[in-house]
Amino acid sequence: MIHRVKARAFANIALSKYWGKASGTENRPATPSISIALAGLVTETVVAKNTKNSDSFTLNGRRPQKHEVQRMRDFLDLWRKRGLIRGHYRVSTDNDFPTASGLASSSSGFAALAMALSGISEKNLSVAELSRLARMGSGSAARSIVGGVARMPVSKNPDAQEIVSADDIDWGMVIVEVEAPEKSISSREGMQLCAETSPYYKEWLKQAKLDYRALESAIIRRDLEEVGKLTEANAMAMHACMVASRPSLLYFNDVSLRVIQEVIRWRKKGLQVYFTMDAGPHLALLSKTSNLKKIANRAAKIKGVFSAQPSLPGGPAVILEKS
Ligand code: DP6
């Protein structure tokens, strides 16, 4: 019997965003999405059998916040209910990047946890089943199971599939962390507010599907210019929908806007770089891997930027140790 498993997953950044949930309890997305996993954003999770009759959790060496504990406990309950694991576990997670700041930590967090639990489970789970399970923890986590450039369609019970592997693409991202004193509203709460109150929500759902299709074909053609344009336009459409929520859901701050303006300026001068932004003020800048260092150096000099880290594309979630 397996008692302890260590797994690793890379966080991913969506080029075409999942924003909004379909009805039901299985955390199904209302929009299809495409992402790129990043080798520079790593989560490692250890799951070990607990002799006590309850689960326990640590996140970066500390006890996580109440709502984080609840989400992870619910996730373990789901695995128990489905007969995939038995008993209770100690879960210890380490992110090598800021947690819960719109930097996609739930994507790698739930993917690493699902991967580790699959190592504990005596059932043989396919990648598709594992991706669906990860999705039930956090929608974006489904894509981190497969890694590379991955898509997740909308369907009754979607899983993510790889479009292009990490080795097969010469694009990467620079993660630009901006100074942000205030805590952002979580994606989960944000999506609900947006769906319930934004007058543009229905339009967003339509646009998201169009962007997804166009982006998928641009990726297959390896057309970075088209991919970049669609990535920016899709993020801006999502943010327009968010901003129109009542009360407004404004994830940008002054530094985010400054970075965006700089990116547009660099591009006008011939540097091929594109931005995207999730449910937090930080940015991810897409470019050819050969440009990443130069972009990171420039971004780091922008007033209010805390760090700028180049990252190559990352592969699928994996089990690192089993005993
Ligand atoms: C803006 O996957 O964090 O990053 O399913 O509620 O956990 P839950 O949401 P989550 O949402 C990600 C939102 C996004 C866009 C994306 O990654 O596609």
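What this report covers is the structure whose coordinates are included nearby. (Residues numbered from 1 in each chain as written. Predicted model: local features only at pLDDT ≥ 70, side-chain atom pairs only at ≥ 80, totals over all residues. Heavy atoms only, no water.)

### Details of the site of the ligand
Phase 1 of the analysis: Around the ligand, the surrounding shell holds 16 residues, and the nearest of these are Tyr18, Lys21, Ser138, Gly139 and Ser140.
Phase 2 of the analysis: The contact in question runs from an oxygen atom of the ligand to an N or O atom on the side chain of Arg143, over 2.8 Å.
Phase 3 of the analysis: Coverage of the ligand by the protein chains reaches 95% of its 460 Å² of free accessible surface.
Phase 4 of the analysis: Among the residues making up the shell around the ligand, the classes are represented as four nonpolar, six polar and six charged. (Near = heavy atom within 4 Å. Polar contact = N/O pair within 3.5 Å; in protein donor to acceptor, adjacent residues only side chain to side chain. Areas by Shrake-Rupley, 256 points an atom, 1.4 Å probe, with all protein chains shown as cover. Nonpolar A, V, L, I, M, F, W, Y, C, P; charged D, E, K, R; others polar.)

### Focus: unusual backbone geometry
Phase 1 of the analysis: The step from Arg246 to Pro247 runs through a cis peptide bond, and the omega angle for that step is 0 degrees.
Phase 2 of the analysis: With respect to the element layout, Pro247 can be found in the loop between helix H7 (224-243) and helix H8 (254-268).
Phase 3 of the analysis: Residue Asn27 is not a glycine yet carries a positive backbone phi of 55 degrees.
Phase 4 of the analysis: Tracing the backbone through its elements, the reader meets Asn27 in the loop between strand E1 (4-16) and strand E2 (33-50).
Phase 5 of the analysis: Here Arg222, not a glycine, exhibits a phi torsion of approximately 60 degrees, which is positive.
Phase 6 of the analysis: Looking at where Arg222 falls in the secondary structure, it is placed in the loop between helix H6 (201-220) and H7.
Phase 7 of the analysis: A relative accessible area of 35% places Arg222 in the partly exposed class. (Helix = DSSP H or I, 4+ residues; strand = E, 2+ residues; numbered from the N terminus. Buried < 20%, exposed > 50% of the residue type's maximum accessible area, 1.4 Å probe, protein only.)

### Section: the side chain of Ser198
Phase 1 of the analysis: With respect to the secondary-structure elements, Ser198 resides in the loop between helix H5 (187-197) and H6.
Phase 2 of the analysis: On the accessibility criterion, Ser198 (8% relative accessible area) is buried.
Phase 3 of the analysis: Non-local contacts of Ser198, meaning those with residues more than four positions away in its chain, are made with Leu193, Cys241, Ala244 and Ser245. (Contact = heavy atoms within 4.5 Å.)

### Description of the packing of helix H1 (residues 66-81) against helix H2 (residues 105-120)
Phase 1 of the analysis: One can describe the packing of H1 onto H2 by two numbers: an axis separation of 12 Å at closest approach and a directional angle of 35 degrees. Crossing of H1 against H2: the hand is right-handed. Between H1 and H2, the residues in contact are Arg71, Met72, Phe75, Leu76 and Trp79 and Phe110, Leu113, Ala114, Leu117 and Ser118, respectively.
Phase 2 of the analysis: When grouped by side-chain class, the residues that make up the contact of H1 with H2 number eight nonpolar, one polar and one charged. (Axes fitted to C-alpha atoms, helices over the stretch in contact; angles between N-to-C directions. Left-handed = near helix turned anticlockwise from the far one by under 90°.)

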